[in-house]
Amino acid sequence: MRKHFLAILLLVATLGLTLSVGTTTANAKRHHYTTVPTSLRGHWYHYNSRRHKYDQVKATKYHFYTKSATSSHWYKLSGKKFPRYAYGHSELGVKKYHGNYIVGKYATDGGPLWKKMTRHHHASLRASRPATMEDEGAPTKYYFKTKALAKQF
């Protein structure tokens, strides 16, 4: 009888330990991915007339890429990457601000305000940096869906 009791006790302890470790692991892996707003998604172009090249923005559901005409590399942000400095938040930070979106690295304030709008009867993406007390802001850029439209306007 004592052997049966010890066997049952061992079985219950093993089962309880397995269930507790399994649920802890599942909860630790569950992250909330950051998504890019649907209005900003797609591939967008802005013609840089000084360099005669294109600035580009490429946005998918979980990724936001930018490429300047002065650089040959893409700047990538992922809503599925969880770096240590973000303390459980994703690398991509998206915040709505007065009808615009601030899209950038998590826990940073910099970056342009993005908004989809119509310009010259075509869908465009506006990137504006408003003036603050410290600086004078930056010129507003408009991105279009095709290189031909970007060069035309």
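As the structure is a computational prediction, the values presented were derived from the model and not from experiment.

### Regarding the pattern of salt bridges
The final tally for this structure, using the stated rule, is one salt bridge. The closest approach of N and O atoms between K141 and D55, which form a salt bridge, is 2.9 Å. Of this pair, K141 sits in strand β9 (residues 138-144) while D55 sits in strand β2 (residues 53-59); the two residues are 86 residues apart in sequence, bridging distant segments of the chain. K141 sits in the partly exposed class, given a relative accessible area of 30%.

### Some remarks on the packing of aromatic side chains
Taken as a whole and judged by the stated rule, the model has eight aromatic pairs. Ring geometry for Y33 against F82: centres 6.0 Å apart, planes inclined by 35°, an arrangement best described as tilted. You can see Y33 sitting in the loop between α1 (2-29) and β1 (42-48) and its partner F82 sitting in the loop between β4 (75-78) and β5 (92-97), a full 49 residues away along the chain. Looking at Y33, the relative accessible area reads 45%, which means it is partly exposed. Three or more aromatic residues joined by ring pairs form one cluster here, namely Y33, Y62 and F82.

### Things to note about unusual backbone geometry
Non-glycine residue H98 carries a positive phi angle of around 50°. Taking relative accessible area as the criterion, H98 reaches 68% and is therefore assigned exposed. Positive phi, normally seen in glycine, also occurs at A107, with a value near 70°. Along the polypeptide, A107 turns up in the loop between β6 (100-105) and β7 (113-119). A relative accessible area of 67% means that A107 is categorised as exposed.

### As for the nonpolar core
The nonpolar side chains of a soluble globular protein tend to be buried, and buried together. Counting 14 residues, the largest nonpolar core has L40, V57, F64, V103, W114, L125 and Y143 as its most contacted members. Looking at this core, the elements that each hand over two or more residues are β2, β6 and β8 (122-129). In contact with L125, other than residues within four places in its own chain, are L40, W44, V57, W114, K115, K116, K141, Y142 and Y143. Counting residues in each nonpolar core, the second largest holds six residues, with Y47, Y54, F144 and L149 among its members.

### Observations regarding the environment of T140
Note that T140 resides in strand β9. Between the alpha carbons of T140 and R129 there is a distance of 6.7 Å; along the sequence they are eleven residues apart. Not counting residues within four places of it along the chain, the set of residues in contact with T140 comprises R126, A127 and S128.

Rules of the game
- Residues numbered from 1 in each chain as written.
- Predicted model: local features only at pLDDT ≥ 70, side-chain atom pairs only at ≥ 80, totals over all residues.
- Heavy atoms only, no water.
- Salt bridge = Lys/Arg side-chain N within 4 Å of Asp/Glu carboxyl O.
- Helix = DSSP H or I, 4+ residues; strand = E, 2+ residues; numbered from the N terminus.
- Buried < 20%, exposed > 50% of the residue type's maximum accessible area, 1.4 Å probe, protein only.
- Phe/Tyr/Trp six-rings, centres within 6.5 Å; stacked < 30°, edge-to-face > 60°.
- Core = buried A, V, L, I, M, F, W, Y, C linked by side-chain atoms within 4.5 Å.
- Contact = heavy atoms within 4.5 Å.

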